[in-house]
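Structural characterization, general
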Amino acid sequence: MSTSTGRTASTAVIIINRHGQFLLHLRDAHKLICDAGTWSLVGGAPEGDENLDEAIAREIFEETGLVLPEVAPYATTKAHGPYVTEDNIHLYTACWNGDARALPVSEGIMFAWFDLATMDQLSMCPWAHEAIKSHHAERPVPPVPVPRPVGGHGGAGAVKNVIGAHLFLERDGATLLGRRHPDVAFAGDAWHALAGHVEWESVGACLVREAYEEAGLVIDPADLQLVHTVHLLDDHKGAEPRLQLFFAASRWNGEPEILEPDKCTAWTWWPLDALPEPMVAYTRAAIDGIRAGTAYTELGWDGPGRPEELLT
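Residues numbered from 1 in each chain as written. Predicted model: local features only at pLDDT ≥ 70, side-chain atom pairs only at ≥ 80, totals over all residues. Heavy atoms only, no water.

Some details on the overall build of the protein
- A count of helical and extended segments in the protein gives five helices and 16 strands.
- By residue count, 45% of the 312 residues in the protein fall in the buried class.
- Sequence-distant contacts in the protein: of pairs separated by 6 or more residues, those separated by 24 or more amount to 68%.
- As displayed, the protein offers around 15800 Å² of accessible surface, 54% of which is attributable to carbon and sulfur atoms. (Helix = DSSP H or I, 4+ residues; strand = E, 2+ residues; numbered from the N terminus. Buried < 20%, exposed > 50% of the residue type's maximum accessible area, 1.4 Å probe, protein only. Contact = heavy atoms within 4.5 Å. Areas by Shrake-Rupley, 256 points an atom, 1.4 Å probe, with all protein chains shown as cover.)

Quick look at the structure:
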């Protein structure tokens, strides 16, 4: 946050993301500035003939490089302590859902997202901490679980999605499903499409490999066509989001065989209007979507609505 000379009013913005987290800025520790070495809010004092609205828009852009479409006045608070030059702080609110670590740092040390509980463990600017707590008490944002990035990559705004490749075969009004072994970690004893996780390969190459390894089917990648996508978030804590891609094969060679009996105990052609139970829910949703001629389904994505709803 910038300092000014002689003004008694300044600005700051409480920026919230869809996960109920707040954007904080770590201030320089070894400068003669107010709240040195603490986590605080983006903001600063007006310059020249700027009004407060113009000042906060400029400060947001100068400190983060962001141009936020809706920055709304919220409240006024008081700053105090050494080197405070503007004691009245006019607070604003805004929404943004990006990666804090990717923001340019024109002043201070870094940006990061924090939830309210974590803030209690930080060295925080006192007035900023109180302002955020007051805002949360008045307008609580239900937290949405943030999937834990794999291998230390990703962030609050950009997380890895696991990609699954699935084969949809149709013959005489029936589709091929496999019954999963009861001892597998996922969906034991349930019916599921032939599928696998995409490794260091294209999705098409993964599906060709899995079809041969699991069932002895030989498929040319040129005969595959994407027919449905399910964007899935499982309901257990810490689940990673998954893109489940379903491809239809226009032709193939071979009849399905049980080649991995520790994973699949049966291959059966099931009529599309009489699918079995139990069945993996997202596979059923994908088949329903294919039959309806739709391209995309979302499952498990419950949370706050439009970004502006976080401010009201």
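With respect to the pattern of salt bridges
- Throughout the structure, instances matching the rule amount to 16 salt bridges.
- Glu 59 is the salt-bridge partner of Arg 58, the closest N and O atoms lying 3.2 Å from each other. Of the two residues, Arg 58 and Glu 59, both sit in the buried class.
- With a closest N to O distance of 2.6 Å, Arg 209 and Glu 201 form a salt bridge.
- Taking relative accessible area as the criterion, Arg 209 reaches 21% and is therefore assigned partly exposed.
- Taking relative accessible area as the criterion, Glu 201 reaches 25% and is therefore assigned partly exposed.
- Among the charged side chains, a salt-bridge network with shared partners connects Glu 47, Glu 50, Arg 58, Glu 59 and Glu 62. (Salt bridge = Lys/Arg side-chain N within 4 Å of Asp/Glu carboxyl O.)

Topic: the packing of aromatic side chains
- Scanning the model with the defined rule gives five aromatic pairs in all.
- Centroid distance Trp 39 to Phe 114: 4.9 Å. Interplanar angle 75°. Geometry classified as edge-to-face. With a gap of 75 residues between them, Trp 39 in strand E3 (residues 39-40) and Phe 114 in strand E7 (residues 110-114) connect regions that are remote in the sequence. Of the two residues, Trp 39 and Phe 114, neither departs from the other in class, the shared state being buried.
- Geometry around Trp 269 places Arg 171 over its ring, the cationic atom sitting 4.1 Å from the centre. (Phe/Tyr/Trp six-rings, centres within 6.5 Å; stacked < 30°, edge-to-face > 60°. Lys NZ or Arg CZ within 6 Å of the ring centre and 35° of its normal.)

Considerations on the pairing of strand E8 (residues 162-168)
- Most of E8 sits out of view: five of its seven residues are buried.
- In terms of strand pairing, E8 meets strand E14 (residues 242-249) through seven bridges, oriented parallel. Bridging across to E14, Val 162 finds its partner in Arg 242.
- With four bridges connecting them, E8 and strand E12 (residues 194-197) associate as antiparallel partners. The residue bridging Leu 167 from the neighbouring strand is Leu 194, located in E12. (Pairing = 2+ DSSP bridges.)

What to know about the side chain of Thr 283
- With respect to the element layout, Thr 283 can be found in helix H5 (residues 281-292).
- Beyond its immediate sequence surroundings of up to four residues, Thr 283 is in contact with Leu 177, His 192, Ala 193 and Phe 246.

Topic: the nonpolar core
- With 21 residues, the main nonpolar core has Ile 14, Leu 24, Leu 41, Leu 91, Trp 127 and Ile 132 as its most contacted residues.
- Of the residues forming this core, the biggest block, four residues, is contributed by helix H3 (residues 126-138).
- Among all residues touching Leu 91, those that are not within four sequence positions of it are Ala 12, Leu 41, Ala 72, Pro 73, Tyr 74, Ala 75, Thr 77, Trp 127 and Ala 131.
- Leu 167, Leu 169, Leu 224 and Phe 247 belong to the second largest nonpolar core, which has 19 residues in total. (Core = buried A, V, L, I, M, F, W, Y, C linked by side-chain atoms within 4.5 Å.)

As for the sheet that holds E14
- Pairing in this open sheet of five strands is mixed, and the strands run E12-E8-E14-E13-E16 from one edge to the other. The two strands at the open ends of the sheet, each matched to only one other strand, are E12 and strand E16 (296-299). Sheet twist, expressed as the average angle between the axes of neighbouring strands with direction ignored, equals 20°.
- Direction of pairing for strand E13 (residues 224-232) relative to E14: antiparallel, over a ladder of eight bridges. Opposite Leu 224, over in E14, you have Ala 249 as the bridge partner.
- Packing against the sheet, helix H4 (residues 203-215) makes contact with E8, E12, E13 and E14, and its axis sits at approximately 125° to E12.
- Packed on one face of the sheet, H5 meets E8, E13, E14 and E16 and runs near 130° to E13. (Axes fitted to C-alpha atoms, helices over the stretch in contact; angles between N-to-C directions.)

Some words on unusual backbone geometry
- For the peptide bond that leads from Glu 277 to Pro 278, omega is -5°, which places it in the cis range.
- Unlike most non-glycine residues, Asp 172 shows phi in positive territory, near 55°.
- Looking at the element boundaries, Asp 172 is found in the loop between strand E9 (170-171) and strand E10 (174-180).
- Located in the positive-phi region is Ala 187, a residue other than glycine, with phi close to 55°.
- Structurally, Ala 187 is set in the loop between E10 and strand E11 (191-192).

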